[in-house]
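Per-entry structural report
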Amino acid sequence: MSMINKEVADFSVQAFQDGEFKTVTKEDVLGKWSVFFFYPADFTFVCPTELEDLANKYDEFKAAGCEIYSVSTDTHFVHKAWHDASERIQKIQYPMLADPTHALARDFEVLIEEDGLAERGSFIVNPEGKIVAYEVTAGNVGRNAEELLRRVQASQFVAEHGDEVCPAKWQPGAETLKPSLDLVGQL
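Residues numbered from 1 in each chain as written. Predicted model: local features only at pLDDT ≥ 70, side-chain atom pairs only at ≥ 80, totals over all residues. Heavy atoms only, no water.

A large share of strand 8 (residues 120–125) lies buried, amounting to six of its six residues. Going residue by residue along strand 8, you find Arg120, Ser122 and Ile124 tucked away on one face and Gly121, Phe123 and Val125 tucked away on the opposite face as well. Pairing analysis gives five bridges linking strand 3 (residues 33–38) to strand 8, with the strands arranged antiparallel. Of the residues in strand 8, the one forming a bridge with phenylalanine 38 is glycine 121. What sits between the antiparallel neighbours strand 8 and strand 9 (residues 131–137) is a turn of five residues, in which glycine 129 has the positive phi angle 85°. (Buried < 20%, exposed > 50% of the residue type's maximum accessible area, 1.4 Å probe, protein only. Helix = DSSP H or I, 4+ residues; strand = E, 2+ residues; numbered from the N terminus. Pairing = 2+ DSSP bridges.)

UniProt annotation of "active site" (unreviewed entry) refers to Cys47 when read in the numbering used here. With respect to the helices and strands, the residue cysteine 47 is situated in helix 2 (residues 46–63). With sequence-adjacent residues up to four places away left out, cysteine 47 is seen in contact with Tyr39, Pro40, Ala41, Trp82 and Arg120. (UniProt positions renumbered as here; feature names shortened; annotations may be inferred. Contact = heavy atoms within 4.5 Å.)

So, on to helix 6 (residues 145–160). Compared with an ideal rise of 1.5 Å per residue, which puts 16 residues at 22 Å, helix 6 spans 23 Å between its outermost C-alpha atoms and is within 8% of the ideal. For helix 6, every residue scored as buried is listed here: Ala145, Leu148, Leu149, Arg150, Arg151, Val152, Ala154, Ser155, Gln156 and Phe157. The inward-facing, buried residues of helix 6 abut strand 3, helix 2, strand 4 (66–72), strand 8 and strand 9. The distance from a side-chain oxygen at the start of helix 6 to the backbone nitrogen of glutamate 146 is 2.8 Å, and the residue carrying that oxygen is asparagine 144. (Expected span 1.5 Å × (residues − 1). Polar contact = N/O pair within 3.5 Å; in protein donor to acceptor, adjacent residues only side chain to side chain.)

This is the structure in structure tokens:
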């Protein structure tokens, strides 16, 4: 079943950000673009490479008006301990959401019930709190922050220009397409 246009359920979770614990709720998400970036667990192997990749692109996501929320089923205390122990994780400025009750992982349908961990799921959420793009990959395959940023920018473009679509490898400023009968069979 597709998750496109599914509205994110109400939530309230603890997070670690900028050396502090804070609460993040659905209200914090509404009104701006967001990425929910689920990963299996802190202190693992592929996860720190992905989170560092996002950290390296964070300024570009912010410039695009998009907040990143990394999410695992660990607690906010474990996020802080990982941050304190890892040079890669120390680069993170975005909120690291704690989901020990699995509420977010269940809502986004990425919970591996038997393990109590989340799949690697990336979700782009629009300012209305609806999922407009997502990808779930196997736990042993890392993701690419550059491609995720491109998909955020393309999602923003089509939200603003509903009569245009973004072709493969589209980048901001590149040519788009206007679907019409004249284009059928011409691409």
